[in-house]
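As a plain string of letters, each chain reads:
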Amino acid sequence: MGIPSLAPWAVLVLTLVLVGLWAPRVVSRQPNFIVILADDMGWGDLGANWAETKETPHLDQLAAEGTRFVDFHSAASTCSPSRASLLTGRLGVRNGVTHNFAIASLGGLPLNETTLAEVLREAGYSTGAVGKWHLGHHGHHHPNSRGFDYYFGIPYSHDMGCTDTPGYNLPPCPPCPQHGTAARVARKDCYTEVALPLFENDTIVQQPVELGSLARRYAEEAARFIQRASDSGRPFFLYLALAHMHVPLTPPPPPAPGRGIYGASLGEMDALVGRIKEVADSLGKGSTLLWFTGDNGPWAQKCELAGRLGPFVGAWQRQRGGSSAKQTTWEGGHRVPALVYWPGRVPARRTSQALLSILDIFPTLVALAGVALPPNRRFDGLDVSPVLFGWSDVGHKVLLHPNSGAAGKVGEIEALRLAQYKAFYTTGGALACDGSTGPAEWHQPPLVFNLDSDIQEQEPLDVASREYQAVLPAISRAYAQALQDIAADNVSVADYSQDPAAIPCCNAQHVGCRCQGAHGATQDPHVEKRTPRLCL
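Everything quoted here is computed from the prediction, not taken from an experiment.

A. Seen up close, the overall build of the protein. Regarding its fold elements, the protein presents twelve helices and 16 strands. Burial statistics for the protein: of 536 residues in total, 60% are counted as buried. Counting every atom, the protein has about 21,000 Å² of accessible surface; 56% of that belongs to carbon and sulfur.

Printed below as a string of C-alpha cells:
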C-alpha cells in the first residue's frame, strides 16, 4: 500500500512544527540579566582559560554550561573608564570618563549619559547594583540617581579608605586611627584619614567597613535583590561589581597550595559567583542571562597579590621595563575573562574566538529586552546576541584601546585592533613589581603585531615586510575613520574637580568619620537595628 499524500495545509503545519522543534526557543517574556564584574582579574585567573589555575571550579562549571569568550576586552585598562563604558556602551572619549574618580570627587559619569540601568528601568525592569561603583558618589552621581532602584556597596575601591582590619596590600596599610590625630600614620598609597564607607542606597550603614565579611554580605544582598525582584513579578537587572581581585580582602580563607593569599582570595570570589548562579537557577533555568567578565587586567605592581596574565605578557614592553598589564594598552591590560550562561539559549561547552568587548553588554542587553538604544549619540558596542546564540562568530572588525595611565594622554585612542593585527601609535609600561616603569614611546608609522602568530606581542612586523605594507593602509583608514566618528559625535565631559566636603562621612565629629559605636564587625545592617546615617 502506498503512502497517502498530505494536503498542502498539512505539509505547511508539519513544516512549522519541525522548524519550531529545531529553532532556538523564543523568549516569551523579558529575560533577567545578571552582570558580574571582577576587579583586576587576569585572563589567566580563570581555570578554563589557563590550566595552571585551579581555584575557579564554579567559574569553570559556568564555562562548561555556557560559552567562553577568549578574545574579549575591557574598554579601558583601569577602573572608572571601564565601568563607565560597560554602563553606557561608549568609550571614555565619548562618555567623558577617561580616568579614575577620587574619594573627594564632586563629579562622576556625566549626567547627560544614559546608563544601561536607566534604559532597562524604563522598560519595566527592577534594577540593582551591589559592590564597587567608582563612577561618582556625590549628589546625583550616586547609583540611585543613575537608574538603580537599589544599591549596596562601597562607592569606590576597597583600598580607598582605612579599616580596622586592613586587607592585604603592598605596601601594607595601617588600620584606622581610633583616638585623636596622634594615632594617625602617613603612608604612601594608603588612605589613613577617612574610614572606608559601606552604603545601602544613600545611607552609610558602616564606616569603617569590616572587610572580612564583605564577600558574604555582597552575596546575601545580591540574593535578596534577586528574590525581591522575582517576588514582584518584574524582570530584573543586577549589576554585581565585586571587590575581588583588586587586593585580597581579610581575613581570607586558608591559603590554597601554590598560590597563597591570592589563590585563597580567588577561590573566595569563585564561591561567591557559584552562589549567585545557584540563586539564578532557582528561578527556573533559562529565565536569566548571566554575564561574567572583568574590568581590566591584573595590577602587576602588587607582585604576589596580582593575577595571572596567561600568555598575554607584552614581551616587547617587558624588555624595555615596566608592566604590560593594568593601565597599559598591551593585551594583558585589557584582555579579560568572559563567560555567558543562559541555559537553552546560549550554547554550552562552546568557545568563541569572536573579537568582543565590555562595550557590547549595553547594546546586547537592550536588544534582548526588546527596547531601543538611546538616541542622539553613537555607540562603540555592538549587539552581539547572534554570537551569544552561536549563530555567528563575528564580532568587531575594529576595536579601539584608549590610553589608561601608562603612557600618552589618558582616554586618547592610540592603539587599535584590526582583525588579527594590533597597532600601537603609543607604547609604555605601568609600574611593575620590580619598581620599573616603561618609558612612553611614540610610533609613526605604528608598531604592528600579528596576534595570530605572536600572542606575546614580542616582535612587531618589519615595516619593510610585505605583510606590514599590505596591512598598514587598512590600519590607517580604520584609525582615521574612528577618530572622525568620535569627532562628529555628541561627547560628554566629566567633572573631575574635588572638594573634601564630597568625601562620604557618616560622622564628621569622629576621627576618620567613624560611626559612633561602629567598630568593624560589631555593626552589621542585617543583625543590629541601625539608625540611618545619611551621606554628608
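B. Structural context of the pairing of strand S1 (residues 32-38). The buried fraction of S1 is high, at seven of seven residues. Side chains of S1 alternate between two faces, with Asn32, Ile34, Ile36 and Ala38 and Phe33, Val35 and Leu37 buried alike. Here seven bridges tie S1 to strand S9 (residues 288-294), and the two strands are oriented parallel to one another. The residue of S9 that forms the bridge with isoleucine 36 is phenylalanine 292. As paired strands, S1 and strand S8 (residues 236-241) are joined by five bridges and run parallel to one another.

C. Main features of the sheet that holds strand S2 (residues 67-69). Within the open sheet, the ten strands sit side by side as S7-S6-S5-S4-S8-S1-S9-S10-S2-S11. Their pairing is mixed. Edge positions in the sheet fall to strand S7 (203-206) and strand S11 (350-352), since each of these pairs with one other strand and no more. Here the strands of the sheet are splayed against their neighbours by 20 degrees on average, with no regard to which way each runs. Across three bridges, S2 lies against S11 in parallel orientation. Across the sheet, residue phenylalanine 69 finds its bridge partner in S11, namely serine 352. On the sheet, helix H2 (residues 57-65) packs against S2, S9 and strand S10 (338-341) and is oriented at approximately 60 degrees with respect to S10. Contacts from helix H3 (residues 79-88) reach S1 and S8 within the one sheet, and its direction differs from that of S8 by about 170 degrees.

D. Seen up close, the packing of H2 against helix H7 (residues 260-282). Look at H2 against H7: their axes get within 7 Å of each other, and the N-to-C directions meet at 45 degrees. With respect to each other, H2 and H7 are oriented oblique. On the side of H2, the interface is formed by Pro57, His58, Leu59, Leu62 and Glu65, while H7 contributes Met269, Asp270, Ala271, Val273, Gly274 and Lys277. Of the residues contributing to the contact of H2 with H7, the split by class is six nonpolar, two polar and three charged.

E. A look at the packing of aromatic side chains. Per the stated rule, a full pass over the model turns up 17 aromatic pairs. The positively charged end of arginine 320 is found above the aromatic ring belonging to tryptophan 316, 3.7 Å away from the centroid. The ring of tryptophan 299 has lysine 326 lying over it, and the distance from NZ or CZ to the ring centre is 4.2 Å.

F. Broad picture of the pattern of salt bridges. Under the counting rule described, the total for this entry stands at 24 salt bridges. For arginine 146, the salt bridge goes to glutamate 118, with nearest N and O atoms at 4.0 Å. With arginine 146 in the loop between strand S4 (126-131) and strand S5 (150-153) and glutamate 118 in helix H5 (residues 116-122), this pair connects stretches of sequence that are 28 residues apart. When its relative accessible area of 23% is taken as the criterion, glutamate 118 is described as partly exposed. Each of Arg90, Arg94, Glu113, Arg378, Asp380, Asp485 and Asp489 takes part in a single network of salt bridges with overlapping partners.

G. Region of interest: the state of the cysteines. A complete count under the given rule lists five disulfides for this structure. Bridging cysteine 173 to cysteine 190, the disulfide has an S-S length of 2.0 Å. Handedness of the cysteine 173-cysteine 190 disulfide follows from its S-S torsion of about -85 degrees: it is left-handed. Of the two residues, cysteine 173 is situated in the loop between S5 and strand S6 (198-200) and cysteine 190 in the loop between S5 and S6; the sequence distance between them amounts to 17 residues. Regarding the disulfides, the protein carries the connectivity 1-3, 2-4, 5-6, 7-9, 8-10 under sequence-order numbering of its bonded cysteines.

H. Looking closely at helix H10 (residues 361-368). Taking burial as the measure, the eight residues of H10 include seven buried ones, the bulk of the element. The set of residues buried in H10 consists of Ile361, Phe362, Pro363, Thr364, Leu365, Val366 and Leu368. Against the buried residues of H10 lie S1, H3, H5, S9, strand S12 (356-357) and helix H11 (385-388). Positive backbone phi, approximately 80 degrees, marks glycine 370, located one or two places after H10.

I. Expanded view of the environment of alanine 243. Among the secondary structure elements, alanine 243 is positioned in the loop between S8 and H7. When the C-alpha positions of alanine 243 and aspartate 159 are compared, they lie 9.6 Å apart, and in sequence the two are 84 residues distant.

J. Representation of the packing of helix H6 (residues 214-232) against H7. In the contact formed by H6 and H7, the axes pass within 10 Å of each other and the chain directions differ by 15 degrees. By the criterion of interaxial angle, the relationship of H6 to H7 is roughly parallel. Relative to H7, the crossing made by H6 is right-handed. Where H6 approaches H7, its residues Ala215, Ala219, Ala222, Ala223 and Ile226 are matched on the opposing element by Glu268, Leu272, Arg275, Ile276 and Val279. Split into classes, the residues belonging to the contact of H6 with H7 amount to eight nonpolar, no polar and two charged.

The rules behind the values
- Residues numbered from 1 in each chain as written.
- Predicted model: local features only at pLDDT ≥ 70, side-chain atom pairs only at ≥ 80, totals over all residues.
- Heavy atoms only, no water.
- Helix = DSSP H or I, 4+ residues; strand = E, 2+ residues; numbered from the N terminus.
- Buried < 20%, exposed > 50% of the residue type's maximum accessible area, 1.4 Å probe, protein only.
- Areas by Shrake-Rupley, 256 points an atom, 1.4 Å probe, with all protein chains shown as cover.
- Pairing = 2+ DSSP bridges.
- Axes fitted to C-alpha atoms, helices over the stretch in contact; angles between N-to-C directions.
- Contact = heavy atoms within 4.5 Å.
- Parallel < 35°, antiparallel > 145°, perpendicular 65-115°, else oblique.
- Nonpolar A, V, L, I, M, F, W, Y, C, P; charged D, E, K, R; others polar.
- Phe/Tyr/Trp six-rings, centres within 6.5 Å; stacked < 30°, edge-to-face > 60°.
- Lys NZ or Arg CZ within 6 Å of the ring centre and 35° of its normal.
- Salt bridge = Lys/Arg side-chain N within 4 Å of Asp/Glu carboxyl O.
- Disulfide = S-S within 2.5 Å.
- Left-handed = near helix turned anticlockwise from the far one by under 90°.

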